[in-house]
Amino acid sequence: MLPATFKLCAAISYQHLRNMSGLRRQATVAISQELSKLACRRTGPSAWINQVRRRSSLLSSRLEENPFSEAEMSYIKQGEEALQKSLSILGNQDGWKTETVAGNGDKVLSKVLPDVGKVFRLEVVVDQPLDAVYSELVDNMEQMGDWNPNVKEVKILQKIGKDTVITHEKAAAPPGNIVGPRDFVSVRCARRRGSTCVLAGMATNYSAMPEQEGFVRAENGPTCMVLRPLAGSPSQTKLTWLLSIDLKGWLPKSIINQVLSQTQVDFANHLRGHLAHTMARTC
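Residues numbered from 1 in each chain as written. Predicted model: local features only at pLDDT ≥ 70, side-chain atom pairs only at ≥ 80, totals over all residues. Heavy atoms only, no water.

As annotated in an unreviewed UniProt entry, the protein carries the name Steroidogenic acute regulatory protein, mitochondrial and comes from Centropus bengalensis. The Subunit (unreviewed entry) field of the UniProt record for the protein holds the comment "May interact with TSPO." Quoted verbatim from the Function (unreviewed entry) heading of the UniProt record, the comment on the protein is "Plays a key role in steroid hormone synthesis by enhancing the metabolism of cholesterol into pregnenolone. Mediates the transfer of cholesterol from the outer mitochondrial membrane to the inner mitochondrial membrane where it is cleaved to pregnenolone." (UniProt positions renumbered as here; feature names shortened; annotations may be inferred.)

Spelled out as structure tokens, the structure:
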């Protein structure tokens, strides 16, 4: 039997190696070699040596299958940073002012943050279960342009693990072309914590998608959507959308504020219509 201290060390080593970059593979090989030497000193390999060796072999195969490069780890950290900053902003209830309240109860609030600028907060209830809303916003995000007239195109440029993606989004020109064509390159991450889902993102640099001719490269973030079942009604979803955008260019703040708050209200209505249509087709 392996003493408790050896078990603890083995577990710590395994977890530590999972998070390492750079010399991870060399460390794995070194562990295997040391385990083999230790086994040879004994009359026969004990159960704990075999167990750690199996873990080492599994770790090695995982590193070969899906190693994260330094650049990929940077994007993962950016996504996590966007998530933490967004939740921190939403968690502070002070200073929010009402921008608009729709007849159906949809509400847009706003506040100005010293290090971010003006942010907008949409609060709505969608008459669909959380999994249906999550599927459209995450699994089917590239089809968003099919049902949201404010979006011309969403394209996934790179997937990193299960939860992080790099996207390129082209915004559709609003009526009258008041703002002009904008595009965004963002890192996005999705986290599910119990019955709550958080979809966060922020602007990032991606060398394979430089600025496009005919578009002004705007910047998101930090921004996020929080989805949770409506209290007492699990067939409905409470959606909170924190929106923070720098549209760039020379635009009056009054126009920017009007466009962004209306974009959030329109989004909620387009999402409801699309989900209702989708559910009707599947019934």
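Now that the structure has been shown, we can carry on.
## Focus: the overall build of the protein
Helix and strand content of the protein: seven helices and 12 strands. Across the 283 residues that make up the protein, the buried fraction comes to 41%. A sequence separation of at least 24 residues applies to 58% of the contacts in the protein between residues at least 6 apart. (Helix = DSSP H or I, 4+ residues; strand = E, 2+ residues; numbered from the N terminus. Buried < 20%, exposed > 50% of the residue type's maximum accessible area, 1.4 Å probe, protein only. Contact = heavy atoms within 4.5 Å.)

## Some remarks on the packing of helix α5 (residues 130–139) against helix α7 (residues 253–282)
Relative orientation of the contacting elements α5 and α7 amounts to 110 degrees, with a least axis distance of 11 Å. It follows that α5 is roughly perpendicular to α7 by the angle criterion. Crossing of α5 over α7 shows right-handed handedness. Residues A132, V133, E136 and L137 of α5 touch α7, and the partners they reach there are F267, L271, H274, L275 and T278. Across the contact of α5 with α7, the residue classes break down as six nonpolar, two polar and one charged. (Axes fitted to C-alpha atoms, helices over the stretch in contact; angles between N-to-C directions. Parallel < 35°, antiparallel > 145°, perpendicular 65-115°, else oblique. Left-handed = near helix turned anticlockwise from the far one by under 90°. Nonpolar A, V, L, I, M, F, W, Y, C, P; charged D, E, K, R; others polar.)

## Description of the nonpolar core
For soluble globular proteins, nonpolar side chains are generally found buried alongside one another. By size, the foremost hydrophobic cluster in this structure holds 37 residues, and its most contacted members are L137, L227, L239 and L271. Here the element with the most residues in this core is α7; it accounts for seven residues. Ignoring anything within four residues of it in the chain, the contact list for L271 reads V126, V133, L137, W147 and L239. If you look at the next biggest cluster of nonpolar residues, it comprises 23 residues, including Y75, I76, V187 and C224. (Core = buried A, V, L, I, M, F, W, Y, C linked by side-chain atoms within 4.5 Å.)

## A short note on the environment of M141
By secondary structure assignment, the location of M141 is in the loop between α5 and α6 (144–147). Residue class for M141 comes out buried when judged on its relative accessible area of 6%. M141 has contacts with E136, V154, I156, V165, T167 and R188, leaving out every residue within four places of it along the chain.

## Considerations on unusual backbone geometry
Cis rather than trans, the peptide bond between G221 and P222 has omega equal to -5 degrees. Position of P222 relative to the elements: it lies in the loop between β9 (219–220) and β10 (223–230).

## Looking at the side chain of H168
Secondary-structure assignment places H168 in strand β5 (residues 164–171). Only 2.9 Å separates the side chain of H168 from the side chain of D183, close enough to count as a polar contact. Those residues in contact with H168 that sit more than four places away from it in its chain are E153, V154, K155, L157, D183, F184, V185, M209, Q212 and R217. (Polar contact = N/O pair within 3.5 Å; in protein donor to acceptor, adjacent residues only side chain to side chain.)

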